[in-house]
Amino acid sequence: MVSAAAKVNLALEILGKRVDGYHEITTVLQAVDLADRLVLEDADVLELRASAPGVPTDGSNLALRAARALGEASGVARGVRITLDKRIPVAAGLGGGSADAAAVLVGLSRLWGLRWPVARLADLAVSLGMDVPFFFRGGAALATGRGERLEPLRGPALALVLVNPRLPASTAEAYGRVTAEMYSDGGRTRALCAALRSRRPLRVAAAVWNALEPALEPGYPITRMKAALLAQGALGAAMSGSGPTVFGVARSFDHARQIRTRLTRGSWACWAVRTLGGPAIRVAAGA
Ligand code: ATP
């Protein structure tokens, strides 16, 4: 069994638009302990079974794309049966698809006995999605460029509450709605990095920031979810990635659980999570 943990973006800024059409971003990624579980079994063909509705099981699934890409790049002519227990909400800004892709690369490398250096696996990973390589090392990292240049960071352990309105959001649509007024100079992300270095959760909480929040359509209750977190005593709150999940920084894990209980409503899903200091991808013994 391989577990694939989600990420939140503690800070995200858009610096401008690049000539290749992508946005230049600067963001701090942080792994958290809400994880999908994947079982990989040797098979003649590539196949995927997923537990949750809304997860594509055809060739567009990032887990299958990762398996195909690794098969082609390594020359291993085997299939694999992937059973995906989906716990990370889909299209939520938590990087679930990318985490699954990273999990398949790590798990299949082991199953197939590949002894690739991490850098070679990371090159393949980035071809599947900008944030896929982040999940190998996990912890906290500063990502720049299109989000693919990574620099590890060390920070305090944090207890967070994730709130999701049970509505999917498209990353492409959010970036499509970015206007020049949303550009900034990276100062907020630098402040977040300094807060992490201080190891003080309160400083981190005060520095969380996501420039993409105004790029979401008004139908998403981003402001209301943040306000609800703060009203319950969260020390700071921001949206993760291209949303619509928001996170709040709690005073402790107990506090995070209290907030989760109070905010879980018919229309919102909530989780109390801890940040992970190490890899987002973990292979269980014997797998
Ligand atoms: P990111 O923050 O990395 O842009 P996200 O966390 O917002 O992405 P994902 O859950 O990765 O979103 O899903 C984005 C889209 O990818 C979904 O609309 C879904 O159809 C597709 N997808 C492909 N493979 C997967 C997978 N294994 N798990 C979830 N979604 C997947």
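Counting restarts for each chain: residues are numbered from 1 in the order of the written sequence. Residue-level local features of this predicted model are given only where pLDDT is at least 70; pairs of side-chain atoms are given and counted only at 80 or more, and the full residue set underlies all totals for whole chains, interfaces and linings. The basis for every side-chain value is the complete set of heavy atoms in the structure, and neither hydrogens nor water enter the calculation.

(A) Representation of the packing of aromatic side chains. Ring pairs are drawn from Phe, Tyr and Trp, using the six-membered ring of Trp, whenever the two centres fall within 6.5 Å, and their geometry is named by plane angle: stacked under 30 degrees, edge-to-face over 60, tilted for the rest. Evaluation of the coordinates by the stated rule reveals one aromatic pair. Ring centres 5.3 Å apart and planes at 75° place the aromatic pair F134 and F135 in the edge-to-face group. There is no split in this pair, since F134 and F135 are both buried. Distance and angle both matter: a charge sits over a ring if NZ of Lys or CZ of Arg is within 6 Å of the ring centre and within 35 degrees of the ring normal. Above the face of the Y22 ring, R146 is positioned so that its terminal group lies 4.7 Å from the ring centre. Sitting over the ring of F253, R274 keeps its end group 3.8 Å from the ring centre. Relative accessible area decides the class of each residue, using a 1.4 Å probe on protein chains only: under 20% of the type maximum gives buried, over 50% gives exposed, and in between gives partly exposed.

(B) Molecular detail of helix α8 (residues 222-231). Counting from the N terminus, the helices are DSSP H or I runs at least four residues long and the strands are E runs at least two residues long. Where α8 is concerned, the buried positions are I222, M225, K226, A228 and L229. End-on view of α8: buried residues confined to an arc of 160°, all on one side of the axis. Along α8, the residues that are exposed and aim more than 90 degrees away from the buried face are T223, R224 and A231. Along its buried surface, α8 packs onto β7 (159-164), β9 (236-239), β10 (246-250) and α9 (253-263). Immediately beyond the C-terminal end of α8, within one or two residues, lies G233, with a positive phi of roughly 100°. Within this analysis, the arc is defined by the directions that extend from the helix axis to the C-beta atoms. Pairs of residues are marked as contacts when any of their non-hydrogen atoms sit within 4.5 Å.

(C) Up close: the sheet that holds strand β11 (residues 269-274). Here, a strand pair is defined by DSSP locating no fewer than two bridges between the strands. Strand order in this open sheet of four strands is β9-β10-β7-β11, and the pairing throughout is antiparallel. The two strands at the open ends of the sheet, each matched to only one other strand, are β9 and β11. Between one strand axis and the next, the sheet turns by 20° as a mean value, whatever way the strands run. The pairing of β7 with β10 spans five bridges and is classified as antiparallel. When the sheet's bridge partners are listed, V161 is paired in β10 with G248. Interaxial angle, 0 to 180 degrees, is taken between N-to-C directions of lines fitted to C-alpha atoms, where a helix line uses only the stretch in contact. Contacts from α9 reach β7, β10 and β11 within the one sheet, and its direction differs from that of β11 by about 175°.

These figures capture arrangement, not role.
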